[in-house]
Amino acid sequence: MTEARLYDLLLYAWCALGLVTFVVLLFVPAPYGRHARQGWGPTVPRTAGWIAMESPALIVFSVLFCLGARRGPIAIVFCAMWSVHYVNRTLVFPLLLRGGQRTTPLAIVGFAVLFNVVNGYLQARYLFALGPVYPSSWLTDPRMLLGGGLFFFGLTANVRADRRLRALRARHGDGYHIPRGGLFRWISCPNYFAEIVEWSGWAIATWSAPGAAFALWTAANLVPRALAHHRWYVEHLADYPAERKAIIPFVL
Ligand code: NDP
């Protein structure tokens with residue numbers, strides 16, 4: 001069987017697994033952060049866990065970029081977009097985390113490593129080897145401009161929301177506090193909303209099936225988690241703003 005055929009089968013299976021994951025996560029929140037609980041096996045320090053689980057995305061993507069035949073300006077732009085996100089997520093975000101010596105289950109790290117290896121392969125192999133070659137006019141194509149704009153809006157909003165969350169513990173001490181300002185005025189989880197916007201932008205900019213699969217997986221992970229966070233806030237913080245939604249302003 002050719003790699004292209006295997007790639008297609010993997011992509012179909014990957015999308016199906018994303019849908020199953022969405023349904024499971026609606027009932028069983030991933031057991032880290034405020035949803036951490038007993039019974040998920042050994043744990044590792046949280047910062048090390050984040051670095052370990054996100055670094056495969058950077059490594060796999062970079063290796064496949066180097067092995068791929070496409071090194072032109074379009075490939076470099078996609079590589080830069082990916083790297084900006086994952087350098088932040090792999091190194092900057094974990095090293096700035098606040099909240100003491102919290103831990104993450106090794107099982108979560110394992111799932112995330114698997115996700116990042118498969119997703120990194122699907123994105124990079126399509127862009128740098130198996131997908132159609134982008135015309136040189138792609139950099140000014142409306143899909144690239146719209147997708148790139150959404151990507152950078154999402155990236156910026158995600159970083160800003162994560163920063164606001166970090167500031168809560170710097171200001172009020174350990175534990176959970178009501179986040180305010182920015183997109184928190186309307187939703188409980190703007191970092192998740194922004195991450196979904198970001199990868200939807202990637203899907204539009206790459207105009208690709210693997211890009212769309214990544215956006216769907218991001219929503220499958222983060223919409224159920226936002227609903228669980230929102231329920232947690234309402235149950236645990238008495239004066240939580242009643243008008244705030246979970247993840248989509250005015251809707252959900
Ligand atoms: P959370 O919003 O649950 O937590 C982010 C950080 O802020 C954690 O350190 C958390 O502490 C702290 N925090 C959250 N809420 C409060 C609060 N009310 N008061 C004080 N501190 C708070 O995000 P995740 O940890 O789930 O995700 C982190 C980043 O990773 C996000 O930007 C997210 O978009 C991204 N991500 C992307 C995924 C994808 O599929 N693409 C999947 C998962 C995450 P604590 O850990 O102690 O709860």
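Described below are features of the structure shown in this document. All figures in this text were calculated on a predicted structure; none of them were measured in a lab. (Residues numbered from 1 in each chain as written. Predicted model: local features only at pLDDT ≥ 70, side-chain atom pairs only at ≥ 80, totals over all residues. Heavy atoms only, no water.)

This paragraph deals with the overall build of the chain. The secondary structure content of the chain amounts to seven helices and two strands. Starting at the N terminus, the α and β elements of the chain follow one another as α-β-α-α-β-α-α-α-α. The C-alpha atoms of the chain give 19 Å as radius of gyration, which agrees with the globular expectation for 252 residues (18 Å, within 12%). Principal-axis analysis of the C-alpha atoms gives the chain an extent of 55 × 40 × 30 Å. Here the contacts in the chain between residues at least 6 apart in sequence split such that 82% fall between residues at least 24 apart. Of the roughly 12,500 Å² of accessible surface on the chain, 69% is carried by carbon and sulfur atoms. Each charge class in the chain can be summarised by its mean position, and for the 23 positive and 11 negative side chains these summaries are 4 Å apart. (Helix = DSSP H or I, 4+ residues; strand = E, 2+ residues; numbered from the N terminus. Rg over C-alpha atoms; globule rule 2.2 N^0.38 Å. Contact = heavy atoms within 4.5 Å. Areas by Shrake-Rupley, 256 points an atom, 1.4 Å probe, with all protein chains shown as cover. Lys, Arg positive; Asp, Glu negative; His and termini not counted. Charge placed at Lys NZ, Arg CZ, Asp CG, Glu CD.)

Moving on to the site of the ligand. In the neighbourhood of the ligand, 26 residues make up the surrounding shell, with Tyr32, Asp162, Tyr176, Tyr192 and His229 lying closest. Contacts to the ligand include Tyr32, whose side-chain N or O atom sits 2.7 Å from an oxygen atom. The separation between an oxygen atom of the ligand and a polar side-chain atom of Tyr192 is 2.5 Å. If the ligand stood free it would expose 880 Å²; the protein chains cover 92% of that surface. Those elements that place two or more of their residues in the shell around the ligand are helix H2 (46-67), helix H3 (73-96), helix H5 (142-172), helix H6 (190-206) and helix H7 (209-236). If one sorts the elements of the shell around the ligand by residue count, H7 sits on top with six residues. A class-by-class count of the residues in the shell around the ligand yields 10 nonpolar, eight polar and eight charged. (Near = heavy atom within 4 Å. Polar contact = N/O pair within 3.5 Å; in protein donor to acceptor, adjacent residues only side chain to side chain. Nonpolar A, V, L, I, M, F, W, Y, C, P; charged D, E, K, R; others polar.)

Among the nonpolar cores identified, the biggest contains 34 residues, and Phe61, Phe78, Trp82, Leu127 and Trp202 are the most heavily contacted of them. Counting residues per element, the ones that place at least two in this core are helix H1 (3-27), H2, H3, helix H4 (106-130), H5, H6 and H7. Apart from the residues within four sequence positions on either side, Trp202 is in contact with Phe61, Phe78, Met81, Trp82, Gln123, Leu127, Gly147, Phe151, Trp207, Gly211 and Phe214. (Core = buried A, V, L, I, M, F, W, Y, C linked by side-chain atoms within 4.5 Å. Buried < 20%, exposed > 50% of the residue type's maximum accessible area, 1.4 Å probe, protein only.)

On to H7. The α-helix advances 3.6 residues per turn, and as a result positions three or four apart in sequence lie on the same side. Helix length check: H7, at 28 residues, gives a terminal C-alpha distance of 40 Å against a target of 40 Å (1.5 Å per residue), a fit within 8%. Where H7 begins, the side chain of Ser208 points an oxygen toward the backbone nitrogen of Gly211, at a separation of 3.0 Å. (Expected span 1.5 Å × (residues − 1).)

Next up on the list: a positive patch on the surface. On the surface, Arg160, Arg163, Arg164, Arg171 and Arg185 cluster together into a patch of positive charge. Its location among the elements puts Arg164 in helix H5. (Patch = residues over 30% accessible without salt bridge, like charges linked within 9 Å, V, L, I, M, F, W, Y side chains within 5 Å. Salt bridge = Lys/Arg side-chain N within 4 Å of Asp/Glu carboxyl O.)

Glancing now at the packing of H3 against H5. Two quantities define a packed helix pair, namely the angle between the axes and the distance from one axis to the other. Interaxial distance between H3 and H5 falls to 12 Å at its minimum, and their mutual angle equals 5°. The orientation of H3 relative to H5 falls into the category roughly parallel. Between H3, through Val77, Phe78, Met81, Val84, His85, Asn88, Arg89, Phe93 and Leu96, and H5, the contact on the second element is made entirely by Met144, Gly148, Phe151, Phe152, Leu155, Asn158, Val159, Asp162 and Arg166. Split by residue class, the contact of H3 with H5 holds 11 nonpolar, four polar and three charged. (Axes fitted to C-alpha atoms, helices over the stretch in contact; angles between N-to-C directions. Parallel < 35°, antiparallel > 145°, perpendicular 65-115°, else oblique.)

Below, the discussion takes up a nonpolar patch on the surface. On the surface, Leu17, Val20, Val23, Val24, Leu26, Phe27, Val28 and Trp40 cluster together into a nonpolar patch covering about 700 Å² of accessible area. In this structure, Leu26 sits in helix H1. Classification of Leu26 as partly exposed rests on a relative accessible area of 34%.

Once that is clear, we can look at the pattern of salt bridges. Throughout the structure, instances matching the rule amount to six salt bridges. Between Arg102 and Asp174 there is a salt bridge whose closest N-O contact spans 3.1 Å. Pair noted here: Arg102 is in the loop between H3 and strand S2 (103-105) and Asp174 is in the loop between H5 and H6, with a separation of 72 residues, a long-range link. By relative accessible area, Arg102 is classed as partly exposed at 25%. A salt bridge links Arg143 to Asp141, with the nearest nitrogen and oxygen atoms 2.9 Å apart. Bridged by salt links that share partners, the residues Arg89, Asp162 and Glu195 form one connected network.

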